[in-house]
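Commentary on secondary and tertiary structure
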Amino acid sequence: MAGKGVPKGTVHNPLGINQYPGIRSKSLLQSQIGEVFLWLSSVMKIRQQIYNLQKGRGRWLAIGKYCLFFGVTVSLLLVSHAVMAQDSDSNTFSPVDTIWLITAGALVFFMNAGFALLEAGSCSQKSLINVLAKNVVVFCIATLAYLIGFKLMFGDGLDLFQSPSQITCPISDPSKILSVFGRFGLIELPFSTWESGSETGNNPLGFPSSGFSCLKELWPNRSFASIFFFQLVFAGTAATIVSGAVAERIKFIAFCLFSLFLVAVIYPVVGHWVWGPYGWLSQLKFRDFAGSAVVHSVGGTAALVGAWILGPRWTCKFKENDKSYDPQEDIDIVQSDRYYAPPEYQENLKIAHNPGFVTLGAFILWLGWIGFNGGSTPNLSYIGHIVVTTLIASAAGGIASIISTPFFAKSDPTLGNFINGILGGLVAITASSAYVGIKDAIIIGFVGGLLIIIGELIILPNVLKIDDPVGAISVHLMGGLWGTIAVGMFADPDSLVYKIEINNLLDKFKIFGVQFIGALVIFLVTGVLSLISWIVLGLLIFQFESFGEKKITITGTISWWKTLLLRARYGLRLSVEDEYVGTYKMFSDPERSSRETELKKYKI
């Protein structure tokens, strides 16, 4: 991510190939574009010939040959361009760097499908439509919200610790700057401009005229639009994490509004501290390579607070002897019907209705993590290293979950336990995949998988009494916190991406302390802002619905704080009727009417 580039004047180039090739003239670009179109034309002709010759099952073989030929062609073009290009400054457009950034962003975007399938498969079948709809709409909201959030996160910072003035790069002495947030307002998206021989008016990277001077240094040679796209899919991931933890009981409008605030304000502010231009945590040598803290801890913390305020799903209980949860006992609605749940409803909550969805979703997320971590380095020679450590840690996390589940649960591991262990290893290595070797990656991933099982089977249900249908909190919050702290334990100063000198044991302890405090600060700040956001949204919806015909009262004599939480809970969560039928009344469901008729049998 931003802030992790190679120091100016330093080139890690073991193959002798320029890492940041540029375009020196318009004619060179035009000739290479012409080459691409000629190659594409020949590819399409060959593909048509193969297609005409192949029938039936052989058609798929032809398509496979075409895809392979196309991939090899594009790879050869990119490699040839990298070899031919000459040295350039950070303001020169690099097709190789930009194409990789967009490709990595596309992989991360595809993770939305993985999250949707994983959540839909883990929840009961009645909730299938609303779970899928929620996972689609969250990216729509994130895209619009990040038009504001991107500038707040990556705009030239505001140093409140020394003088309330905006930062403009380059800076003579950056060590004295501690930026707290970027700039406010919508981003601009200028067109790229280039005139050969012109010294003024050229903007080959399409950056706005002001407000992002430091971002150009952090991500050299990439177009502004490609950087925005890559960071956007990360922001969408943070919001999607919340979806799984609050599944099957949150109102659609409440989730949409919270996602809007999370992506527009909470995520960008925290992200600026770590990845933004001279963010104060980054300046203190806090490191989070690809988002264990910024993405996963933020999303996991917001999910934790939301799930706590909402309460468990109707009829959920954490131990065999516990009383099942009934939201109708918390809030009394005058002139409203009350229901009891049939026994099979409670049993269905414990069963993932479609293991195939869960497995396919996990593989999509696994694939997407290659772009998640691999796209986060401005130094392209590190991509292979990052991908290998990422996969090794995920494998170690999966094995850890299989080994540890029988010990903690006194039963065989479920498919969900196993998959969450793999995801836990992925989340844990995200902060350090460019900083560690194979042995350290195994340790980080294994411990990550172990912590996920402890959180999922012990801490959340037995200690915190929190209902998390997909295990999102344990995977993203616990895995993210561990991965962030692990940087201080295992990061190798030989990594040019790490850029921190460690000369003795005292330096190691200092780095560990910074990582620990940084992780704690991110958790606390995100928790407080999320708590305020959830409560305010819940109270607003509660107040709006109180204007209707139904009178809403809180049962029993309790403190003002508990009353406040219960009112927020009512505003945020579905009624038992909607929770039973499994829809938001916003999306058409052909089975809704039959389930409504069925529920009437259980009226008290």
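Rules used throughout
- Residues numbered from 1 in each chain as written.
- Predicted model: local features only at pLDDT ≥ 70, side-chain atom pairs only at ≥ 80, totals over all residues.
- Heavy atoms only, no water.
- Core = buried A, V, L, I, M, F, W, Y, C linked by side-chain atoms within 4.5 Å.
- Buried < 20%, exposed > 50% of the residue type's maximum accessible area, 1.4 Å probe, protein only.
- Contact = heavy atoms within 4.5 Å.
- pLDDT = per-residue confidence, 0-100.
- Phe/Tyr/Trp six-rings, centres within 6.5 Å; stacked < 30°, edge-to-face > 60°.
- Helix = DSSP H or I, 4+ residues; strand = E, 2+ residues; numbered from the N terminus.
- Lys, Arg positive; Asp, Glu negative; His and termini not counted.
- Salt bridge = Lys/Arg side-chain N within 4 Å of Asp/Glu carboxyl O.
- Polar contact = N/O pair within 3.5 Å; in protein donor to acceptor, adjacent residues only side chain to side chain.
- Disulfide = S-S within 2.5 Å.
- Bend = angle between axes of the 7 residues up to and from the residue.
- Patch = residues over 30% accessible without salt bridge, like charges linked within 9 Å, V, L, I, M, F, W, Y side chains within 5 Å.
- Areas by Shrake-Rupley, 256 points an atom, 1.4 Å probe, with all protein chains shown as cover.

By size, the foremost hydrophobic cluster in this structure holds 118 residues, and its most contacted members are Y146, F150 and Y267. With residues near it in sequence (within four places) discarded, Y267 still touches Y146, M153, F234, A235, A238, L262, W275, V294, V295 and V298. In terms of nonpolar packing, the next biggest core, distinct from the first, is built from 9 residues, W314, Y339, Y345 and V576 among them.

Before going further, it helps to examine the confidence of the model for the protein. Scored by pLDDT, the protein comes out at a mean of 84, with 80% of its residues at no less than 70. Here residues 2-33 is a poorly scored stretch, pLDDT under 50, and it has 74 contacts once near neighbours within four places are set aside; other chains count.

Glancing now at the packing of aromatic side chains. Centre distance and the angle of the planes are the two values used to describe a pair of aromatic rings. The full count for this structure, using the stated rule, is 29 aromatic pairs. Between Y146 and Y267, the aromatic rings sit 6.4 Å apart at their centres with planes inclined by 50 degrees, giving tilted as the arrangement. Residue Y146 is located in helix 4 (residues 128-154), and its partner Y267 is located in helix 7 (residues 252-275); the two are separated by 121 residues in the primary sequence. The class of Y267 is buried, set by a relative accessible area of 0%. For the pair W369 and F372, a centre-to-centre distance of 5.6 Å together with 35 degrees between the ring planes defines the contact as tilted. Of this pair, W369 and F372 both sit in helix 11 (residues 355-374), 3 residues apart, which is roughly one turn of the helix. Across the pair, F372 and W369 agree in class, each one buried.

This paragraph deals with the side chain of D468. Its place among the elements puts D468 in the loop between helix 14 (438-464) and helix 15 (472-490). For the buried residue D468, which engages in no salt bridge, the nearest side chain bearing the opposite charge is R249, 6.7 Å off. Looking at D468, its side chain comes within polar contact range of the main-chain nitrogen of I473, at 2.7 Å. For D468, the contacting residues outside a window of four places in its chain are G244, A245, L460, I473 and S474.

Of note, N221 is a non-glycine position whose phi angle comes to about 75 degrees, a positive value. With respect to the element layout, N221 can be found in the loop between helix 5 (213-218) and helix 6 (224-245). By relative accessible area, N221 is classed as buried at 1%. Here Y278, not a glycine, exhibits a phi torsion of approximately 60 degrees, which is positive. Here Y278 is to be found in the loop between helix 7 and helix 8 (280-283). Relative accessible area serves as the criterion here: at 18%, Y278 is assigned to the buried category.

Let's shift gears to the state of the cysteines. Per the stated rule, a full pass over the model turns up 1 disulfide. In this model C169 forms its disulfide with C214; the gap between the sulfur atoms is 1.9 Å. Residues C169 and C214 are joined through a disulfide that is right-handed, its torsion about the S-S bond being 90 degrees. You can see C169 sitting in the loop between strand 2 (165-166) and helix 5 and its partner C214 sitting in helix 5, a full 45 residues away along the chain. C140 forms no disulfide, and the closest cysteine sulfur to it belongs to C256, at a distance of 9.4 Å. On the basis of relative accessible area, C140 is assigned to the partly exposed category, the value being 47%. Judged by relative accessible area, which is 12%, C256 ranks as buried.

In a structure, side chains of opposite charge can pair up when their charged atoms sit close to one another. Here the structure, examined in full by the defined rule, presents 12 salt bridges. Note that E248 is salt-bridged to K126, the shortest N-O span being 3.6 Å. Residue E248 is found in the loop between helix 6 and helix 7, and its partner K126 is found in the loop between helix 3 (95-122) and helix 4; the two are separated by 122 residues along the sequence. As far as the burial class goes, E248 and K126 line up, both buried. Note that K251 is salt-bridged to E545, the shortest N-O span being 2.8 Å. Here K251, found in the loop between helix 6 and helix 7, pairs with E545, found in helix 16 (residues 505-546); they are 294 residues apart in sequence, far enough to count as distant.

Our next topic: helix 14. At G455, helix 14 is deflected by roughly 45 degrees, the largest bend along its length. When helix 14 is considered as a whole, its buried residues turn out to be A441, I444, G445, G448, G449, I452, I453, G455, L460 and P461. Those residues of helix 14 that are buried lie in contact with helix 9 (292-310), helix 12 (383-409), helix 13 (415-429) and helix 15. Directly beyond the C-terminal end of helix 14, a positive phi value near 55 degrees is found at K465.

Bringing a nonpolar patch on the surface into the picture now. Together, I399, I402, I403, L415, F418 and F446 make up an exposed nonpolar region whose accessible area comes to about 490 Å². Residue assignment for the nonpolar patch shows that the elements contributing at least two residues are helix 12 and helix 13. Looking at the nonpolar patch element by element, the count peaks at 3 residues for helix 12. Mapped onto the secondary structure, I399 falls in helix 12. Residue classification places I399 among the partly exposed positions, given a relative accessible area of 45%.

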